[in-house]
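Geometric and topological summary
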Amino acid sequence: MHASGHPAPNIVVTVAEAARRSDPALAARKNELYAAAVTRHGGRPIVVHAATPAVDRTAAFATMDGLLLAGGADLDPARYGHPTRGSVSVDPDRDALEAAAWDVAQERRLPVLGICRGFQAINAFSGGTIVQHLDGHSGSAFGTGAPLVHAIRVAPGTRLARILFPTNAGGGVLRVNSYHHQAIRPGDLAPGLLASAWASSAAGDIVEGLEAADGRFVFGVQCHPERTDSTPATFERLFGVFVDATRGPADRR
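**Looking at unusual backbone geometry**
The general pattern is negative phi for most residues beyond glycine and trans for most peptide bonds. Positive phi values are uncommon outside glycine, yet Arg 109 reaches one of about 55°. Counting through the fold element by element, Arg 109 comes out in the loop between helix 3 (92–107) and strand 4 (112–115). For Arg 109, a relative accessible area of 42% gives the class partly exposed. With a phi close to 55°, Cys 116 is a non-glycine residue in the positive phi region. Within the secondary structure, Cys 116 sits in the loop between strand 4 and helix 4 (117–125). Classification of Cys 116 by relative accessible area gives buried; the value is 8%.

Structure, rendered in structure tokens:
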């Protein structure tokens, strides 16, 4: 129950299966950060991964009020119709899990937030593509050293700008962490999605934020805002608005 007296919304959080990672404890710690972000803003995280039993997965999808697609391994390029040209450590079982969760969320018009891999998954599931390798944006792995940080330009007039800059929807520049070796260029963006943030790269400008063009609550960011030690505090507003969006009926989202 939320402090307001209303039941906490059920937020399905799709994550990597920690037990299958090379460092299960570190993987579990990363997964916990997503759940903690949902909890901080009054949501009830329901964490699922590729090994979650089918009956539990079905129950989670049936009761979910919102979907958070978390970070992790590369998507299988077959998901967006490309051969493998730089993707590593793909996880087809997780791809299938998240595609199923995405389909349910779209059918029911539920709010969706994608982070890093989840940002890229939204684009792939919507008909877009992904640059399979990009130099200069990965830095140290989480937990092994200081993160790489770079600037992003939040596009004026976008809903992301209104969330991150509530007194200035003209957008602005923020410095965010960077843990990705794949990217979305302007030409890779799916129909129906708008770029809401940009960063510079050796390959030219890349998309670092996206949102649904039709006003649905579908947002994605390439950075990891759940890692609060390397994220501007204003990104807490994104989690807060996401959880708030899951409380209303579908026709108001």
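**Things to note about the packing of aromatic side chains**
The relative placement of two aromatic rings is captured by the distance of their centres and the angle of their planes. Tallied over the entire structure, the rule returns three aromatic pairs. Seen in terms of ring centroids, Trp 102 and Phe 125 are 6.3 Å apart; in terms of plane orientation they differ by 45°. Their pairing is tilted. Pair noted here: Trp 102 is in helix 3 and Phe 125 is in helix 4, with a separation of 23 residues, a long-range link. Among the residues examined, Trp 102 registers a relative accessible area of 7% and is labelled buried.

**Considering helix 4**
A large share of helix 4 lies buried, amounting to nine of its nine residues. Along helix 4, the positions that sit buried rather than exposed are Arg 117, Gly 118, Phe 119, Gln 120, Ala 121, Ile 122, Asn 123, Ala 124 and Phe 125. Where the residues of helix 4 are buried, they touch strand 3 (66–69), helix 3, strand 4, strand 7 (193–199), strand 8 (206–212) and strand 9 (218–221). Trailing helix 4 by a residue or two, Gly 127 shows a phi angle of about 105°, which is positive.

**So, the sheet that holds strand 5 (residues 148–154)**
Pairing is mixed across the open sheet formed by nine strands, whose spatial order is 2-1-3-4-9-8-7-5-6. Sheet topology places strand 2 (44–48) and strand 6 (172–178) at the edges, where each strand pairs with a single neighbour. Strand-to-strand, the axes of this sheet are offset by a mean angle of 25°, without reference to chain direction. Both strand 1 (residues 10–14) and strand 2 contribute to a ladder of five bridges, which runs parallel. What sits directly across from Val 13, in strand 2, is Val 47. Docked against the sheet, helix 6 (residues 236–245) engages strand 1, strand 3, strand 4 and strand 9, running at close to 150° with respect to strand 4.

**Notes on the pairing of strand 5**
In this sheet, strand 6 lies alongside strand 5 in antiparallel orientation, the contact comprising seven bridges. The residue bridging Ile 152 from the neighbouring strand is Leu 174, located in strand 6. Of the strand pairs in this sheet, strand 5 and strand 7 are connected by two bridges, and their pairing is antiparallel. Bridging from a neighbouring strand, Val 154 pairs with Ala 197 of strand 7.

**A closer look at the environment of Ser 201**
Structurally, Ser 201 can be placed in the loop between strand 7 and strand 8. For Ser 201, a relative accessible area of 18% puts it in the buried group. A polar contact of 2.6 Å, which involves the side chain of Ser 201, links it to the backbone oxygen of Gly 204.

**A look at the environment of Gly 172**
Turning to its location among the elements, Gly 172 is positioned in strand 6. For the pair Gly 172 and Pro 111, spaced 61 residues apart in the sequence, the C-alpha separation amounts to 25 Å. Residues contacting Gly 172, with those up to four places away along its chain left out, are Ile 152, Arg 153, Val 154 and Phe 165.

**What about the environment of Arg 40?**
Secondary-structure assignment places Arg 40 in helix 1 (residues 24–40). Separated by 86 residues in the primary sequence, Arg 40 and Ser 126 have C-alpha atoms spaced 29 Å apart. Within polar-contact distance, the side chain of Arg 40 engages the side chain of Glu 236 at 2.7 Å.

**Points about the pattern of salt bridges**
Taken as a whole and judged by the stated rule, the model has eleven salt bridges. A salt bridge links Arg 227 to Glu 226; its shortest N-O distance comes to 3.4 Å. There is no split in this pair, since Arg 227 and Glu 226 are both buried. Among the salt bridges present, the one from Arg 247 reaches Asp 244, with a minimum N-O distance of 3.5 Å. Its relative accessible area of 33% is what places Arg 247 among the partly exposed residues. Relative accessible area serves as the criterion here: at 48%, Asp 244 is assigned to the partly exposed category. Salt bridges here are not isolated pairs; linked through shared partners, they connect Arg 94, Asp 95, Glu 98 and Arg 117.

The rules behind these values
Each chain has its residues counted from 1, running along the sequence as written. Whole-chain, interface and lining totals are the exception, using all residues; otherwise, since this is a predicted model, local features are given only for residues with pLDDT of at least 70 and side-chain atom pairs are given and counted only at 80 or more. Water and hydrogen atoms play no part in the side-chain values, which are based on all heavy atoms of the structure. The numbering of helices and of strands both runs from the N terminus, where a helix is a DSSP run of H or I of at least 4 residues and a strand a run of E of at least 2. Residue burial is assigned from relative accessible area. The probe radius is 1.4 Å, only protein chains are included, and a residue is buried under 20% of its type maximum, exposed over 50%, and partly exposed in between. Stacked, tilted and edge-to-face pairs are distinguished by plane angle, under 30 degrees for stacked and over 60 for edge-to-face with tilted covering the rest, among Phe, Tyr and Trp rings (Trp via its six-membered ring) whose centres lie within 6.5 Å. Whether two residues touch is decided by their heavy atoms; if any such pair falls within 4.5 Å, the residues are in contact. Paired strands, as defined in this entry, are two strands with at least two bridges between them according to DSSP. All axes here are fitted lines through C-alpha atoms, helices being fitted over the stretch that makes contact, and every angle between N-to-C directions spans 0 to 180 degrees. By the criterion applied in these results, polar contacts are pairs of N or O atoms within 3.5 Å in which, for protein atoms, one can donate a hydrogen and the other can accept it, and in which residues neighboring in sequence qualify only through two side-chain atoms. One side-chain nitrogen of Lys or Arg within 4 Å of one carboxyl oxygen of Asp or Glu is enough to make a salt bridge.

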